[in-house]
2 protein chains.
Amino acid sequence: MEKININELLSLLKEKKFKEVKEIFENTPIIDISDEVNTLDENELNENITYLLYIFKIVKPEISAEFFSNLNSEIQSKLINSLNDEEIQKLVEISSNDDLTDFISYWPANVVTKIFKNTSKSDREIINKLLGYKEDSAGSIMTSEYLTLLDDMKVKDAISLIRKEGRKAETIYTLFVKNNSFDLVGVLELDDLIFANEDSLLKDIISKNYLTCNVDDDQEDVAKIFKRYDLNALAVLNEDNKLTGIITIDDIMDVIEKEKNEDIEAMNKVTPLEHSYTETGVFKLAFKCIPWLIILIVFNIGSMVLQNEFQDIISSLAVVSIFLTMVCDCAGNSGSQASTLMIRGLSTGDFKTGDFFKILWKEFRVAFITGIVVAIFNFLWVLFMFSVQIIDIQPGNSAGVNDDLLTWVALSGIVSLTLFLNIILSKTLGLVLVFGLSKFKLDPAVIAGPAITTVMDIVSLGIYFGTLSWVLSSGLLSGL
Amino acid sequence: MEKININELLSLLKEKKFKEVKEIFENTPIIDISDEVNTLDENELNENITYLLYIFKIVKPEISAEFFSNLNSEIQSKLINSLNDEEIQKLVEISSNDDLTDFISYWPANVVTKIFKNTSKSDREIINKLLGYKEDSAGSIMTSEYLTLLDDMKVKDAISLIRKEGRKAETIYTLFVKNNSFDLVGVLELDDLIFANEDSLLKDIISKNYLTCNVDDDQEDVAKIFKRYDLNALAVLNEDNKLTGIITIDDIMDVIEKEKNEDIEAMNKVTPLEHSYTETGVFKLAFKCIPWLIILIVFNIGSMVLQNEFQDIISSLAVVSIFLTMVCDCAGNSGSQASTLMIRGLSTGDFKTGDFFKILWKEFRVAFITGIVVAIFNFLWVLFMFSVQIIDIQPGNSAGVNDDLLTWVALSGIVSLTLFLNIILSKTLGLVLVFGLSKFKLDPAVIAGPAITTVMDIVSLGIYFGTLSWVLSSGLLSGL
């Protein structure tokens, strides 16, 4: 495998060393060449666009189409504007129509017009139809370039048909078989065809027990089917249950990648980006972050009200405020641990929403053990911090509390008790939220985190200050 | 497609209606049947194990092997213990050796012994070799069941060889071509073979510009190659650069799924589980959560020390402590927003660690805009909360500050300034951490979150209390 460098490529093009360029395109993965070209900035691009156009004259159309499909949308638009009609026509013909549909949704209107001018009427209809499916639907990633066979064909005839027509199809590894009235009756893997007797009829070897999806199905659900059943390609049916397209595994890999990024972004309080970071403007990026920060500031109102109520305790014994961030953080963290495990369990099918009580009982025991261990550790840790005076109680505080071992034990005990209750409540809350949101088809990855933090902040502060004010008002501490 | 129900299946088995059972196995995706059997609890399983054994006598070996491979390890072990030697031998023969290796690492020793007793010496050697590769390496997911062709074969001879030998291979869609000295010289996709002239020699049609990976490569890196180059299968080379196995796309789908779960778990402070939630014991689950909670409590020491230093301010003006959790949360959130975008950008190849300064400048501008907008919103929001007395300043506080508009403006301003600086610093820190950790090949998904929270808690509190103590000691507020 050869490595390619953009400057090398450009100077070969400038010097019209087309044989060498051709060789590079034959011996390097095309995506690596495209990616080198993608590194050009606007000035470099404008300087070199004429040289890049040579590529479309030198290399085979299939290769230039692949090269083109991996360029970023800015470079694609520039190229389309500079290519002549004939070259565009060739490019459109070779490109698969799901790729083309994908590009068109990124390009400026004048480029799209230029493309449509060079597209046959039937292709234009297909592209418009594909553009009509809503984002994230199966329809929007399917292709209409698949191979159908007839069920009364013999295996050997099917193979010669594939030889003749297969190059136009997006895959020949999964074949779709119709009957004489053009209804889909079965699916065939190419290896079944290869292994079958040459004179068998397709109807005798097709699998009738095949899977399909609908144009309106969510892409993520389609990806789940691919993962569960190890598919190469899946038939897509329209509203009338007729075969209207297929989805192939490479498109599903992109869906899985996108879904992963969206989940992770949502969990980390960024509204998912439509394009990559470098392709997104500074203002747009800021406004993907701002709403979340503002919402979380507003949601903090509950815990502000509570803390406001307990200002007396804070001003009479300032040391109690030192534990506030830690107590709230710990509740938030243990809640998001539970919700993460629940989201994973439900999404991988490890358990179902119907298993609620079984899982609740298990998670309750997990929370109990976690709570006990963390509380004991924290008890000793806070005592340690008091004893080495990392934290201390102000002498002459108006709560009338002494800076001695008994007070340390009491305070440390209250913090630890709060943590113990927090962990049990937050894990339960995490579980209930995820099951509840899933039941109502809401996305727990987005909502569970902020909801847990908001609710648990209030609960944590309530438990902590509640216990504190009871202990302080009882006079137990100051009486010691 | 038929739906299957475990009770129905068991009663058919009990009534020895084997023809119906056979039909079910022919018309239902096998993984759906396995999953129904997986719902049996231990008692039900013990009661019905003899009936389940019938399946291995009734259905074809390839189907029973697939059925078996999708059962959970507990049921697999029980079945192996009850099957006779001949049946085990058949099962082992049919199962692909990467699956088998995978099972064996889950099963108890007595079951493994029983398996090895029924495995041919050569298979045993292969399994042991596969077991020797370290977890998460390419070697541990590769299979040795692939088809190699010779480069001086004609296309038609290659096809008839595939017909004869292909069933034993894990895939025939990617074929590996060796020369006479048994070195890998090229890779061939089945469709290239189908489209080629029957009398061409393989050496003339193979792609010499193929990709490979090494047995020790990390699975995640291998998955990246599959995604980038849309592969079906990839050759795995050993230390001597000889072909030793292949990895297929279905195994890579599992790697991607596992990787996604691990990333999400790590980001949410759960040590990734090896097995599913339901298969993991309560104690083990608790100890996946406990270390993180304890580490984060310990890391809180820095912010405790700082808060301890400023107890004077807190006790003289308790209202300032109300903003602590919000200020720290906001810094943590905006930092994790930045680190998420950076992790995604680096992992998808949108930018490289070498683009540090370019990205830093962009993210700085994003942070600036975000900071301004959030700070202005917060300023108005805090003023609003003061004016409707959701929060208020205690009369007669020892700081000598009045509960009036000017004080509200000053406090609100200090909180907003802190937020503004926090957002800029935390986003910068998120970026620097991710680039730094990636540079040193550490996993930013695991380390960045807790590190940002810990550092930003200290920075936030420093800025907040620093500004506050300056304003208070200046007498500006009490003098008003």
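Reading the values: rules and limits
Residues numbered from 1 in each chain as written. Chains lettered and ligands numbered in written order. Predicted model: local features only at pLDDT ≥ 70, side-chain atom pairs only at ≥ 80, totals over all residues. Helix = DSSP H or I, 4+ residues; strand = E, 2+ residues; numbered from the N terminus. Rg over C-alpha atoms; globule rule 2.2 N^0.38 Å. Buried ≥ 20, exposed ≤ 12 C-beta atoms within 10 Å, placed from the backbone. Contact = placed C-beta atoms within 7 Å. Core = buried A, V, L, I, M, F, W, Y, C linked by C-beta atoms within 7 Å. Least-squares fit on C-alpha atoms with pLDDT ≥ 70 in both. Pairing = 2+ DSSP bridges. Axes fitted to C-alpha atoms, helices over the stretch in contact; angles between N-to-C directions. Domains from an automatic or database assignment. Parallel < 35°, antiparallel > 145°, perpendicular 65-115°, else oblique. Left-handed = near helix turned anticlockwise from the far one by under 90°. Nonpolar A, V, L, I, M, F, W, Y, C, P; charged D, E, K, R; others polar.

S.K.: Tell me about the overall build of chain A, and name the residues and values.
M.R.: On a plain count of helices and strands, chain A comes out with 23 helices and six strands. In summary, chain A has a C-alpha radius of gyration of 32 Å against a globular reference of 23 Å for 480 residues, an excess of more than 25%. Projected onto its principal axes, the C-alpha positions of chain A cover 95 × 60 × 40 Å. Burial analysis of chain A (480 residues in total) assigns 41% to the buried set. If you take every contact in chain A between residues at least 6 apart in sequence, the share linking residues at least 24 apart comes to 71%.

S.K.: An account of the interface of chain A and chain B is requested, with residue identities and associated values reported.
M.R.: Counting residues at the interface gives 98 residues for chain A and 98 residues for chain B. At 14 residues, helix α19 (residues 324-347) of chain A tops the list of elements feeding residues into the side of chain A that touches chain B.

S.K.: So what's going on with the nonpolar core? Which residues, and what values?
M.R.: Here is a general trend for soluble globular proteins: nonpolar side chains tend to be buried in one another's company. Membership of the largest hydrophobic core comes to 139 residues, with the highest contact counts inside it found for Val327 and Val434 of chain A together with Val327 and Val434 of chain B. When near neighbours in sequence (up to four residues on either side) are disregarded, Val434 of chain B contacts Ser339, Met342, Ile343, Leu346, Pro444 and Ala448 of chain B.

S.K.: I'd like to hear about the relation of the copies chain A and chain B, residue by residue, with values.
M.R.: You can overlay chain A on chain B at an RMSD of 0.1 Å; the transform is a turn of 180° with a shift of 0.0 Å along its axis. Both copies of the chain, as the preceding transformation shows, are related through a two-fold rotation axis. The C-alpha atom lying nearest the rotation axis in chain A is that of Ser315 of chain A; the distance is 1.9 Å. Taken together, the interface assignments show that 100% of the residues at the interface of chain A recur at the interface of chain B, consistent with an identical surface on both copies.

S.K.: Describe unusual backbone geometry, with residues and values.
M.R.: Positive phi is not limited to glycine here, since Lys16 of chain A has a value of about 55°. Structurally, Lys16 of chain A can be placed in the loop between α1 (6-14) and α2 (18-27). Of note, the phi angle at Asn241 of chain B is positive, near 60°, even though the residue is not glycine. Within the secondary structure, Asn241 of chain B is located in the loop between β5 (233-237) and β6 (243-248).

S.K.: Give me the sheet that holds strand β4 (residues 212-214) of chain A: which residues, what numbers.
M.R.: Residues and elements named next belong to chain A. What the three strands build is an open sheet, ordered β4-β5-β6; its pairing is mixed. Strands at the two margins of the open sheet, each flanked by one partner only, are β4 and β6 (243-248). Averaged over all pairs of adjacent strands, the angle between their axes in this sheet comes to 35°, without regard to strand direction. Relative to β6, strand β5 (residues 233-237) runs antiparallel, the two being bridged by five bridges. Residue pairing across strands places Leu237 opposite Leu243, the latter belonging to β6. Where helix α14 (residues 219-229) meets the sheet, it contacts β4, β5 and β6, and its direction lies at approximately 140° from that of β5. Contacting β5 and β6, helix α15 (residues 249-267) crosses the sheet at an angle of about 65° to β6.

S.K.: Hey, could you go over the sheet that holds β6 of chain B for me, with residue numbers and the actual values?
M.R.: Residue and element names in this part refer to chain B. Spatially, the three strands line up as an open sheet ordered β4-β5-β6, and their pairing is mixed. The two strands at the open ends of the sheet, each matched to only one other strand, are β4 (212-214) and β6. Shown here is a sheet whose adjacent strand axes are inclined to one another by a mean of 35°, direction ignored. Its contacts with the sheet place helix α15 (residues 219-229) against β4, β5 and β6, and it is angled at close to 140° to β5.

S.K.: Pulling in residues and values, what's your account of the domain arrangement of chain A?
M.R.: Domains assigned within chain A are domain 1 (6-124), domain 2 (148-256) and domain 3 (300-479). Here domain 2 of chain A and domain 3 of chain A have C-alpha centroids that lie 55 Å from each other.

S.K.: Let's hear about the environment of Ile225 of chain B: which residues, and what values?
M.R.: All names here are of chain B. With respect to the helices and strands, Ile225 occurs in helix α15. Judged by the 18 C-beta atoms lying within 10 Å of it, Ile225 falls in the partly exposed class. Spatially, the C-alpha atoms of Ile225 and Cys213 are 9.0 Å apart, while their sequence positions differ by twelve residues. Those residues in contact with Ile225, other than ones at most four positions away along the chain, are Leu211, Cys213, Leu231 and Leu234.

S.K.: Go over the packing of helix α20 (residues 324-347) of chain B against helix α22 (residues 405-439) of chain B with me, naming the residues and quoting the values.
M.R.: Residue and element names in this part refer to chain B. Relative to each other, α20 and α22 sit at 30°, their axes nearing to 8 Å. For the element pair α20 / α22, the angle class is roughly parallel. Regarding α20 and α22, the two cross each other, and that crossing is right-handed. By residue class, the composition of the contact of α20 with α22 is 15 nonpolar, nine polar and one charged.

S.K.: Describe the packing of helix α3 (residues 30-38) of chain A against helix α5 (residues 61-69) of chain A, and please don't skip the residues or the numbers.
M.R.: All names here are of chain A. Taken N-terminus to C-terminus, the directions of α3 and α5 make an angle of 50°; their axes are 8 Å apart at the nearest point. By the angle between their axes, α3 is oblique relative to α5. The handedness of the crossing between α3 and α5 is right-handed. In this structure, α3 uses Ile30, Ile33 and Ser34 to contact α5, whose residues at the interface are Ile63, Glu66 and Phe67. A breakdown of the residues in the contact of α3 with α5 according to their chemical character gives four nonpolar, one polar and one charged.

S.K.: Run through the environment of Leu243 of chain B, naming residues and quoting values.
M.R.: Residues and elements named next belong to chain B. Note that Leu243 resides in strand β6. The exposure class of Leu243 is partly exposed, given the 18 C-beta atoms found within 10 Å. Beyond its immediate sequence surroundings of up to four residues, Leu243 is in contact with Phe176, Leu184, Ala235 and Leu237.

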